[in-house]
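Observations on the model geometry
Here are the chains, one letter per residue:
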Amino acid sequence: MTSNFKASIDHQALVALIRKCTCLKELKLIHGNLFRTGSIHDILLASKLIESSAISMTGHMEYANVIFSQTHHPNTFMWNTMIRGYSVSECPIQAFSLYQQMLVRGFPPNSFTFGFVLKACCRLLGLQEGKQVHTQTVKAGLDYELPVTNGLVRLYVSCGEVETGRVLFDEMPNKDSISWSVIVTGYAQNGQPRQALALFREMQAANVEIDCFSLASILGVCGDMGALELGKWLHSYIDRKLVKIDVALGTSLVDMYSKCGALQDAFRVFQSIDEKDVMAWSTMIGGFAIHGSGKEALEVFAEMKKRKVRPSPVTFTSVLSACSHSGLIEEGRRNFNSMQRDYRIEPQIEHYGCMVDLYCRAGLVAVAHEFIIAMPIEPNAVLWRTLLAACKLHGKTELGEEVSQKILELEPQSAQNYVLVSNVYASQGKWSRVSKIRSLMKNKKAQKSHGWSSIEVNFIVHEFVMGDESHPETGKIYQMLDKMSRKLKQEAYVASTGDVLHDIDDEEKEHALGLHSERLALAYGLLHISKGSQIRIVKNLRVCGDCHSAIKLISKVYKRAITIRDRVRFHHFSEGICSCRDYW
């Protein structure tokens with residue numbers, strides 16, 4: 001009995017020793033000792049060796065595989081440990097391969113096996129392999145085990161099948177915080193922010209704790225939707241729960257505040273981040289850029305370089321965008337040239353796009369055209385669209401005709417191109433050509449992206465499209481629109497009808513402009529957001545020139561601060577002036 005007790009003590013000591021290993025060298029010494037004494041055949045000790053090299057120290061799957069292959073009768077724990085290690089390694093495909101070997105050799109998988117192999121399928125975006133595993137979970141009767149259902153939901157949302165994931169989520173008999181986090185994040189990452197927000201509210205109602213990954217995802221949704229109230233609530237939640245704001249979470253907060261128009265709050269959070277990485281710096285520079293604060297963006301960039309943080313291609317995109325929105329031509333040229341010269345960063349299409357935008361905004365249409373022609377890479381339709389918009393604005397009719405043809409040749413299925421070309425002809429009053437382009441668009445079956453505008457009131461995001469009558473308060477909204485229109489006329493406002501793509505009289509055009517989605521959202525905001533509070537609107541397309549002029553005047557007449565974030569940048573309206581100074 002004494003010898004058995006002593007053996008047990010030695011056994012426990014060896015397990016503890018393996019767990020304390022901090023490097024592969026130490027583990028190899030123990031492995032060698034076990035091999036010499038014959039203890040390597042002890043299943044528990046071999047399991048701990050594999051676990052230490054595959055999971056605890058990570059990055060040593062090759063060595064873990066050596067130990068595993070030397071084990072004559074590996075148990076399920078060993079198989080699971082190896083599959084788990086490969087699932088988070090640089091070769092997740094090995095996890096699936098090992099899982100198949102496990103089945104061939106007659107080892108029954110358990111819920112942990114399925115959880116680990118599904119994680120590998122997610123990383124591989126292997127939907128078909130994942131569906132095979134799903135079928136096997138059902139056959140094994142484990143499809144409702146929590147690690148399995150969480151893995152299945154993650155698989156489907158990772159591969160873009162969010163609704164399938166949602167069905168599985170709704171059918172789960174038990175849900176934990178991971179379950180909620182996976183489906184909420186899945187909606188957010190698959191471009192369905194409204195569904196993400198709706199589910200997040202359900203998550204709150206169920207009193208489910210929110211992890212850091214979910215917080216970052218929902219903050220991203222708040223930024224995309226301009227949901228500042230909810231974003232601020234999340235920030236206060238982080239503070240209340242004493243969640244450590246590391247660089248990743250801090251950067252998410254900076255991005256959220258920037259996209260919601262709260263630039264000072266974004267900068268305050270940015271300054272509080274202790275160890276800023278290149279993404280944190282780039283996000284703050286990008287925040288200043290979309291607000292047209294080019295000088296501040298360049299100051300942050302200068303500080304970044306001073307702190308010896310090496311800029312990335314994303315950083316330069318933000319810097320060049322800041323120069324473009326603020327008309328800083330020489331600064332833009334200097335930074336563009338600095339990319340290759342000082343940092344050996346080869347300019348990509350987005351950097352060339354920023355330069356074209358810079359020249360076009362400044363009215364240097366010929367320079368922009370020459371720049372595109374001289375590019376060492378093939379210009380895409382985005383660059384040509386930027387040039388065409390500048391041709392329209394600055395009356396470069398001949399070049400506009402040439403560019404129009406090039407755009408339609410490059411992307412014959414894109415409705416956006418037909419709309420832009422139609423705009424050019426409409427501004428010139430060439431209605432027969434507008435009709436021809438519209439017919440061509442119809443023949444090509446190009447679907448136009450509908451514009452929408454959203455506004456957050458009392459934590460709820462309301463969305464409007466042009467001429468929208470679906471809102472429960474449509475009657476009140478249209479009454480407010482009429483009041484807004486009358487006040488504008490009292491101020492001698494004349495609508496700019498040049499961009500309305502129909503050959504109709506000016507009165508009908510003016511009526512059509514008055515029903516644009518941003519005006520509906522603004523009317524709703526005037527009805528429900530108290531005086532003294534800012535009205536914040538998000539629009540998915542570029543705000544039109546007439547709405548821009550009208551909202552400037554509305555900010556003066558109603559004495560309201562109004563912020564609109566469109567596809568291009570922020571517009572802060574106050575006392576009849578816009579922060580863009582009409583440079584947009």
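Each remark here, short or long, concerns the structure printed above.
Throughout, a residue's number is its position along its own chain's written sequence, starting from 1. With pLDDT at 70 or above as the cut-off, local features in this predicted model cover only qualifying residues; side-chain atom pairs require 80 or more to be listed or tallied, and sums for whole chains, interfaces and linings still use all residues. Water and hydrogen atoms were dropped before computing side-chain values, which therefore reflect all heavy atoms in the structure.

1. So, the overall build of the protein
Strands are runs of DSSP state E lasting at least two residues, helices are runs of H or I lasting at least four, and both sets are numbered from the N terminus onward. Scanning the protein from N- to C-terminus turns up 30 helices and six strands. Relative accessible area decides the class of each residue, using a 1.4 Å probe on protein chains only: under 20% of the type maximum gives buried, over 50% gives exposed, and in between gives partly exposed. Relative to its full complement of 584 residues, the protein shows a buried share of 51%. By definition, residues are in contact when any of their heavy atoms lie within 4.5 Å. For the protein, the proportion of contacts with a sequence separation of at least 24, taken over those separated by at least 6, is 63%. Accessible area for the protein stands at about 28700 Å²; split by element, carbon and sulfur atoms hold 52% of it. The method behind every accessible area is Shrake-Rupley, applied with a 1.4 Å probe, and residues are considered shielded solely by the protein chains displayed.

2. Some points on the packing of helix H10 (residues 162-171) against helix H11 (residues 177-189)
Lines fitted to C-alpha atoms define the axes, with helix axes restricted to the stretch in contact, and inter-axis angles between N-to-C directions lie between 0 and 180 degrees. Contact geometry of H10 with H11 gives a least axis separation of 10 Å together with a crossing angle of 160°. Judged by the inter-axis angle, H10 sits roughly antiparallel to H11. When you trace H10 past H11, the crossing you get is left-handed. On the side of H10, the interface is formed by Val162, Glu163, Gly165, Arg166 and Phe169, while H11 contributes Ser179, Trp180, Ile183, Gly186 and Tyr187. Roughly parallel covers angles under 35 degrees, roughly antiparallel covers those over 145, roughly perpendicular covers 65 to 115, and oblique covers all other angles. Two helices crossing with the near one rotated counterclockwise from the far one by less than a right angle form a left-handed crossing, whereas a clockwise rotation gives a right-handed crossing.

3. A look at the pattern of salt bridges
Within this document, salt bridges are pairs made up of a side-chain nitrogen of Lys or Arg and a carboxyl oxygen of Asp or Glu, the two lying within 4 Å of each other. Using the criterion set out here, one finds 16 salt bridges in the structure. Residue Glu209 pairs with Lys241 through a salt bridge whose shortest N-O separation is 3.3 Å. Of this pair, Glu209 sits in the loop between helix H12 (193-205) and helix H13 (212-225) while Lys241 sits in the loop between helix H14 (228-240) and helix H15 (247-259), and the two are 32 residues apart along the sequence. Given a relative accessible area of 41%, Lys241 falls into the partly exposed group.

4. Regarding the sheet that holds strand E5 (residues 570-574)
Criterion used throughout: strands pair if DSSP finds at least two bridges between them. Taken in spatial order, the six strands make up an open sheet running E2-E1-E3-E4-E5-E6, and their pairing is mixed. Lying at the two open borders of the sheet, with one neighbouring strand each, are strand E2 (460-465) and strand E6 (577-578). Pairing of strand E1 (residues 452-457) with E2, which is carried by six bridges, proceeds in the antiparallel orientation. Looking at the pairing, Val457 lines up with Ile460 of E2.

5. Let's talk about empty space enclosed by the protein
Of the two site types, the cavity is a set of points on a 1 Å grid over the protein atoms alone where a 1.4 Å probe fits but cannot get out, and the pocket is an open set with protein on both sides within 12 Å along at least five of seven lines, each lined by residues with an atom within 4 Å of a point. Grid points are joined across faces, edges and corners, and a volume is the space filled by probe spheres set on the points. Here the structure, examined in full by the defined rule, presents one cavity of 30 Å³ or more. Estimates place the volume of the largest cavity at around 30 Å³. Taken together, Gly226, Lys259, Cys260, Arg536, Ile537, Val538, Thr563, Arg565 and Phe570 form the lining of the largest cavity. Secondary-structure elements contributing two or more residues to the lining of the largest cavity are strand E3 (535-539) and strand E4 (562-565). The element contributing the most residues to the lining of the largest cavity is E3, with three residues. Note on residue classes: Ala, Val, Leu, Ile, Met, Phe, Trp, Tyr, Cys and Pro are nonpolar, Asp, Glu, Lys and Arg are charged, and everything else, Gly too, is polar. In terms of residue class, the lining of the largest cavity is made up of four nonpolar, two polar and three charged.

6. Description of a positive patch on the surface
Patch rule: a residue counts if its relative accessible area is over 30% and it has no salt bridge; like charges are joined within 9 Å, and nonpolar side chains (Val, Leu, Ile, Met, Phe, Trp, Tyr) within 5 Å. Working convention for charge: Lys and Arg count positive, Asp and Glu count negative, and His plus the chain ends are omitted. The atoms used to mark charge sites are NZ of Lys, CZ of Arg, CG of Asp and CD of Glu. Residues Lys483, Arg486, Lys487 and Lys531 make up a contiguous surface patch of positive charge. By the secondary structure assignment, Lys483 is in helix H27 (residues 474-490). Given a relative accessible area of 43%, Lys483 falls into the partly exposed group.

7. Quick notes on the environment of Asn540
Looking at where Asn540 falls in the secondary structure, it is placed in the loop between E3 and helix H30 (545-557). With relative accessibility at 21%, the residue Asn540 sits in the partly exposed group. Through-space distance from the C-alpha of Asn540 to that of Trp452 is 6.0 Å; in sequence the pair is 88 residues apart. The residues touching Asn540, leaving out its near neighbours within four places in the chain, are His450, Gly451, Trp452 and Arg567. Pairs of N or O atoms within 3.5 Å make up the polar contacts considered here, provided that, within protein, one atom can donate a hydrogen while the other can accept it, and that residues adjacent in sequence are counted only when both atoms are side-chain atoms. A polar side-chain atom of Asn540 sits 2.7 Å from the main-chain amide nitrogen of Trp452.

8. Concerning the environment of Phe107
Its place among the elements puts Phe107 in the loop between helix H6 (93-104) and helix H7 (111-124). The spatial distance from the C-alpha of Phe107 to the C-alpha of Asn75 is 8.1 Å, given a sequence separation of 32 residues. Every residue in contact with Phe107, bar those within four places of it in the chain, is listed here: Pro74, Trp79 and Met102.

9. Brief notes about the state of the cysteines
Any cysteine sulfur atom paired with another within 2.5 Å is treated as part of a disulfide. Tallied over the entire structure, the rule returns zero disulfides. No disulfide involves Cys580; its nearest neighbouring cysteine sulfur is the one of Cys578, lying 3.4 Å away. Residue Cys580 is classed as buried on the basis of its relative accessible area, which comes to 4%.

10. Observations concerning the side chain of Asp357
Inspection of the secondary structure assignment puts Asp357 in helix H21 (residues 349-361). One polar contact links Asp357 to Arg361, side chain to side chain, over a distance of 2.7 Å. Those residues within four positions of Asp357 in sequence are excluded, and the remaining contacts are Ser324 and Thr386.

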